[in-house]
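What follows is each chain in one-letter form.
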Amino acid sequence: MSRTTENSGKTGGLVIEVVGPLVDDRGLMVRTYAEILAGEGLVLRPGAVEQVTGASVDWALRTLLEGHGRHDVLERVPELELRIRREWEGFASSGLLRAAPKAESAWDRVLKSGLPVLLLFGGDPSSVPELLSGLGLPQDPRVEVGGSGPTGLPRSDAISRWLAAADLPAASVRAAVRSPSAALGAGGAGLGEICFIGVPGTVHGMLPVDATVQDLEAFVER
């Protein structure tokens, strides 16, 4: 899906998803959902988790449970969410994660650009600095982490609040995303360009994506 804006070609800020463009999680976060829910006797349909990756954990769990008719487990979502977040926090020090290809050089260029940056992460935003620094990706106090909002990342409210706080026209902001949730959030916020990072999946054609690039470096160079 392509959108043409009067501000195309001018970048006023960047929205970057953490998992995918910056961090290669090797599929661990997706498998965590499947493993935790398998303990509840729920076998997920193929592709179900991929459709909610990038969203807030609470929203993703509720969507998966409701979509599989397991309303009886909904009251235990806070407990399941805590278990998933603890698993993800353990990944940061496990050595199982790695920086995405060319992420180090691209991230350095992003920070040197001085542009406002919003990082999107479905887990606890406070865990992102440790996660990135452990992979050799430096921090900058100007970089904000968030985007989930109370209704999950597919809603654009949190991105729109960041735009307003930074006084940025949505059309001047470019996004680098990997998950359907981040793409939908960026599209709902009306961002000027949305780039999918990596190899497109089965749901890619239904997302508001303007371009597909191999890695974050290619995104930065556009």
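Everything here concerns the structure above.
Throughout what follows, the structure given in this document is the object of discussion.

1. Details of the pattern of salt bridges
Summed over all chains, the structure comprises 14 salt bridges. The residue aspartate 72 makes a salt bridge to arginine 70 at a minimum N-O spacing of 3.0 Å. Its relative accessible area of 19% is what places arginine 70 among the buried residues. Here lysine 112 makes a salt bridge to aspartate 108, at a shortest N to O gap of 3.2 Å. Pair noted here: lysine 112 and aspartate 108 are both in helix H5 (residues 103–113), with a separation of 4 residues, about one helical turn. One network of salt bridges, with partners in common, ties together Glu40, Arg76, Glu79 and Arg83.

2. A look at the nonpolar core
One finds Ile16, Val18, Leu22, Tyr33, Trp107 and Leu119 to be the most contacted residues of the largest nonpolar core, which totals 52 residues. By size, the runner-up hydrophobic cluster in this structure holds 19 residues, among which are Ile159, Leu163, Ala182 and Ala186.

3. Concerning the side chain of glutamate 217
Examined against the element boundaries, glutamate 217 turns out to sit in helix H9 (residues 216–221). Polar contacts involving the side chain of glutamate 217 include one to the side chain of serine 105, which spans 3.2 Å.

4. Brief notes about helix H8 (residues 180–188)
Here H8 has its buried residues at Pro180, Ser181, Ala182, Ala183, Gly185 and Ala186. In the core, the buried residues of H8 are packed alongside strand E1 (13–17), helix H2 (48–52), strand E4 (117–120), helix H7 (157–165), strand E6 (173–177) and strand E7 (193–197). Once H8 finishes, glycine 190 follows within two positions and takes phi at roughly 75°, a positive value.

5. Regarding H5
Taken together, the buried positions of H5 are Ala103, Ala106, Trp107, Val110 and Leu111. Buried residues of H5, seen end-on, are gathered within an arc of 135° and therefore sit on one face of the element. Contact partners of the buried residues in H5: E1, strand E3 (98–99), E4, strand E5 (143–146) and H9. Positive phi shows up at glycine 114, right after H5, with a value of about 75°.

6. A look at the layout of surface pockets
By volume, the largest pocket amounts to about 830 Å³. Listing elements by their share of the lining of the largest pocket, those giving two or more residues are strand E2 (23–24), helix H1 (28–38), H2 and E7. Tallying contributions element by element places H1 first for the lining of the largest pocket, with 3 residues. The residue inventory of the lining of the largest pocket, partitioned by class, reads 20 nonpolar, 13 polar and 7 charged.

7. Things to note about the sheet that holds E5
Ordered in space as E5-E4-E1-E6-E7-E8, the 6 strands form an open sheet in which the pairing is parallel. Each edge of the open sheet is held by one strand with a lone partner, namely E5 and strand E8 (211–213). For this sheet, the mean angle separating the axes of adjacent strands, direction not counted, is 25°. Strand direction decides the pairing type here: E1 and E4, joined by 4 bridges, are parallel. Residue glutamate 17 lies in a different strand from E4, and its bridge partner there is leucine 120.

8. Topic: unusual backbone geometry
In the Ramachandran plot, arginine 26 falls in the positive-phi region, its phi being about 55° despite a non-glycine side chain. Among the secondary structure elements, arginine 26 is positioned in the loop between E2 and H1.

What counts and how
Residues numbered from 1 in each chain as written. Predicted model: local features only at pLDDT ≥ 70, side-chain atom pairs only at ≥ 80, totals over all residues. Heavy atoms only, no water. Salt bridge = Lys/Arg side-chain N within 4 Å of Asp/Glu carboxyl O. Buried < 20%, exposed > 50% of the residue type's maximum accessible area, 1.4 Å probe, protein only. Helix = DSSP H or I, 4+ residues; strand = E, 2+ residues; numbered from the N terminus. Core = buried A, V, L, I, M, F, W, Y, C linked by side-chain atoms within 4.5 Å. Polar contact = N/O pair within 3.5 Å; in protein donor to acceptor, adjacent residues only side chain to side chain. Contact = heavy atoms within 4.5 Å. Arc of directions from axis to C-beta. 1 Å grid on protein atoms, 1.4 Å probe; cavity = no way out; pocket = protein on both sides within 12 Å on 5 of 7 lines; lining within 4 Å. Points joined across faces, edges and corners; volume = space filled by probe spheres on them. Nonpolar A, V, L, I, M, F, W, Y, C, P; charged D, E, K, R; others polar. Pairing = 2+ DSSP bridges. Axes fitted to C-alpha atoms, helices over the stretch in contact; angles between N-to-C directions.

Keep in mind these values describe shape, not function.
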